[in-house]
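Architecture and fold: a report
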Amino acid sequence: MSTILFELGCEELPPKSLKPLRDALQTSVTEQLSAAEITFDSIKAFATPRRLAIQIEGISDKQPDRTEQKRGPAIKAAFDSDGNPTRAAIGFAKGLGIEASELTTINTDKGDYVGFEQTISGQATTELLPAIFQTALDSLPIAKRMRSGASRNEFVRPVQWVVLMQDDTVIDATIQGHETGSQTRGHRFHSPDYHDIAHANDYEQLLDGLKVVADFDKRQMLIKNQVKALADEVNSDAIVPQDLLDEVTALVDFPIALRASFEARFLQVPQEALISTMQADQKYFCLTDKTGKLQPYFIFITNIESKDPNQIIEGNEKVVRPRLADAEFFFLQDQKQPLFALTESLKTRVFQDKLGTIWEKSERIAKLAAFIATLMQQQGHDINVDDTVRAGILSKADLASSLVGEYPELQGIAGTYYARLNEEPEAVAASLEEQYLPKFSGDVLPQTPVGICLALADRLDTLVGIFAIDQAPTGSKDPFSLRRSAIGILRILIEKQLPINLVALVEQAIKGYSDAEGTKIAKMGDTFTQVMAFLNSRYRAMYTEQGVSVDTIQAVQAINPHMPLDFDQRIRAVQAFSELSQASMLADSNKRVANILAKSEVSVADTVDEALLSETAEQNLYANVQQAQTVVQPLLEQADYTQVLQTLASLDEPLTQFFDNVMVNSDDAALKNNRLALLKQVRALFLSVADISELQL
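Remember, predicted model here, so these are calculated numbers, not experimental data. (Residues numbered from 1 in each chain as written. Predicted model: local features only at pLDDT ≥ 70, side-chain atom pairs only at ≥ 80, totals over all residues. Heavy atoms only, no water.)

1. Considerations on the pairing of strand β18 (residues 294-302)
Judged by how many residues are buried, β18 sits mostly within the fold: eight of nine residues are covered. Summarising the sheet, strand β16 (residues 256-261) and β18 pair through six bridges and their orientation is antiparallel. In the strand pairing of β18, Leu258 is matched with Phe300. The pairing of strand β17 (residues 285-288) with β18 spans three bridges and is antiparallel. Looking at β18, one finds that Cys286 is bridged to Phe298. Between β17 and the antiparallel strand that follows it, β18, lie five residues; Gly292 among them carries a positive phi value of about 95°. (Buried < 20%, exposed > 50% of the residue type's maximum accessible area, 1.4 Å probe, protein only. Helix = DSSP H or I, 4+ residues; strand = E, 2+ residues; numbered from the N terminus. Pairing = 2+ DSSP bridges.)

And the structure:
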């Protein structure tokens, strides 16, 4: 058992790719070692701005020996009548490097053959490792590889050195065009020279002394701890997005956190703009107070241990000041006119070539949002329709602002700030930001009633419009993010407990285009059908992500509910039903009933003639069905689908007895049709919630 060290030294690696490259390298090496049957105790990957490394401890010296059975010709062909080996047997033995007398007999189902068991010695680990590491490097997820100088070898950045050692010995090889050695480099400024690695076990400790924290996770934890300590000193919380933290970790070998400040006057600018520019452009960690309000400080990570940190702090303050001043300028420039005035320029800005301008979209959003607000009013929600219309008209106004022009990610957010400055109603102002929620899977939903209306109207308008011009998503391509928009619509209606029918919403969205000049929908019926099908198809993606089984989703989709809240209630009911002991039998019985009814050559009646119920089992089933219908009806009116299926579970025994003792396809047509009518009633009871014949229990 020994320790293996591999290190690839490069020019600075892409910071956003460093962590994925580290993980992919370790995964590939691990898989290859496993495939080669080489055992080891532990494997650890390292990644810094200028290196990727792997350290493997307790690795076996060689592959295990293995035995291979070689099968030759059949016994009849291998020996003549006197028992002497034929040319076939001699040739087979010669190919294995043995004498014919050493051949053995192999018994199989298809007869007896000559053969030989050959022991193959395992290959030394050191002989296999160069190819393993080169293969791992070749398979790394690198979008675009490059060549350095006259070298034909390609990698994400020019390779400077390669280390490959077993304990204290170099494993001679050529990897990425470089001869392997035992020398590494330290920090680019503090320890720029080559340094010998005495033993593979010394790697991490050696680099620590050379001002390089080789362990990515350890380096990241150092950054987090330093940032928190500096934030605590000014009673603040640091904003530390994981993506930014990963990127900063990938930019430094030896992290030193420093806190700087900026003029408090910049805090009048929307803090989202300040945070955006400091995070995206400067890779700074911003600080807020305990209520989330931005503070005039930021923390940055430097890669050198300076004798005069104040100079570095002052330099960063000098660099960030113009960027904050730009944000301030755009913010003040926009305030020279009210938010509504910005809508004028939207009349010449195209939303989509065939769907008119952004102004026309705003008008459609206002009308559709007002329609939704009216429905919510009827359901008892406290919402002002006039505010909703005003919010719809202003919904895209900030797209014409200088601030959003410079920081596109602030659309909606900027509108909310400007609306409040213009003393628009708070319901209107808050909704301008909320219209874009949810922005991604699992994101928060709009909270205000007007924000909910805008969020639904915006997505529905886009969905209908894009389908109307035949640009629906295909395969993995979804340039308008319609799949995300559709799930957003479903989530809002379900999680906000809004019993609103999708049919009404889609029809109203189509009507918005039909009423507009120059953006009429030619095939309204086709558009409606396609949009409804698309929305219904999103249920599967949404619920499978929540861990709901596909057959449960199919059971509800089979009856095609048009109200997402109702759909969700049915899903939960079927999930609960699936846990019942009777569920499997009832699912099978429903399959049987469905098949019987499908094969009927005559139209099955809706009513049952009680006088024709001659068998005890069918009389008992009919009585239980009658009772279930009485109990279920008020439950359906209350949408208590879970209790409905709990009630119908009582049909378990009567259905079993019916199929065991009653011949449905009786020779007597009247009896047959009556029994089919009884089964139709059974089927209808279950279909009032879902088609449980779809369940695979």
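2. Some thoughts on the sheet that holds strand β4 (residues 66-74)
The three strands are arranged β4-β6-β5 in an open sheet whose pairing can be described as antiparallel. Each end of this open sheet is capped by a strand with a single partner; those strands are β4 and β5 (104-108). The average angle at which neighbouring strand axes cross in this sheet is 45°, direction not considered. With seven bridges joining them, β4 and strand β6 (residues 111-120) adopt antiparallel strand pairing. Bridge assignment links Arg66 to a residue of β6, and that residue is Ile120. (Axes fitted to C-alpha atoms, helices over the stretch in contact; angles between N-to-C directions.)

3. Quick look at unusual backbone geometry
In this structure, Pro438 follows Leu437 across a cis peptide bond, with omega equal to -5°. One non-glycine residue, Asn235, adopts positive backbone phi at about 55°. Tracing the chain through its elements places Asn235 in the loop between α6 (216-233) and β15 (237-238). The phi torsion at Gln497 lies on the positive side, around 55°, for a residue other than glycine. Within the secondary structure layout, Gln497 lies in the loop between α17 (482-495) and α18 (502-515).

4. Thoughts on the layout of surface pockets
Each pocket or cavity is described by its volume, and for the largest pocket that value is around 630 Å³. Residue lining of the largest pocket: 20 residues in total, with Gln411, Tyr436, Asp458, Phe480 and Arg484 positioned closest to the centre. Here the lining of the largest pocket gets three residues from one element, more than from any other, and that element is helix α16 (residues 449-468). Partitioning the lining of the largest pocket into residue classes produces eight nonpolar, five polar and seven charged. (1 Å grid on protein atoms, 1.4 Å probe; cavity = no way out; pocket = protein on both sides within 12 Å on 5 of 7 lines; lining within 4 Å. Points joined across faces, edges and corners; volume = space filled by probe spheres on them. Nonpolar A, V, L, I, M, F, W, Y, C, P; charged D, E, K, R; others polar.)

5. Points about helix α25 (residues 652-661)
Turning to α25, its buried residues number three or more, namely Asp652, Pro654, Leu655, Phe658 and Phe659. In the core, the buried residues of α25 are packed alongside α22 (583-598), α23 (616-637), α24 (641-648) and α26 (669-687). (Contact = heavy atoms within 4.5 Å.)

6. Brief notes about the environment of Ile54
Relative to the elements of secondary structure, Ile54 occurs in strand β3 (residues 51-59). We classify Ile54 as buried; its relative accessible area is 0%. Sequence separation between Ile54 and Gln26 is 28 residues; the distance between their C-alpha atoms is 7.0 Å.

7. Let's talk about the sheet that holds β17
Read from one edge to the other, the open sheet built from four strands follows the order β15-β17-β18-β16, with strand pairing classed as antiparallel. Only two strands of the sheet have a single neighbouring strand rather than two, namely β15 and β16. Packing against the sheet, α6 makes contact with β15, β16, β17 and β18, and its axis sits at approximately 30° to β16.

8. Considerations on the nonpolar core
Core analysis: the largest hydrophobic core is formed by 136 residues, its most contacted members being Met278, Ile372, Leu403, Leu502, Tyr543 and Leu648. Among the elements that line this core, the one with the most residues is α16, at twelve residues. When neighbours within four sequence positions are excluded, Leu502 is seen to be in contact with Ile489, Leu490, Leu493, Met532, Leu535, Tyr539, His562 and Pro564. Among the nonpolar cores identified, the runner-up in size contains 37 residues, and Ile4, Leu25, Ile142 and Ala250 belong to it. (Core = buried A, V, L, I, M, F, W, Y, C linked by side-chain atoms within 4.5 Å.)

So yeah, pure geometry; function would need other evidence.
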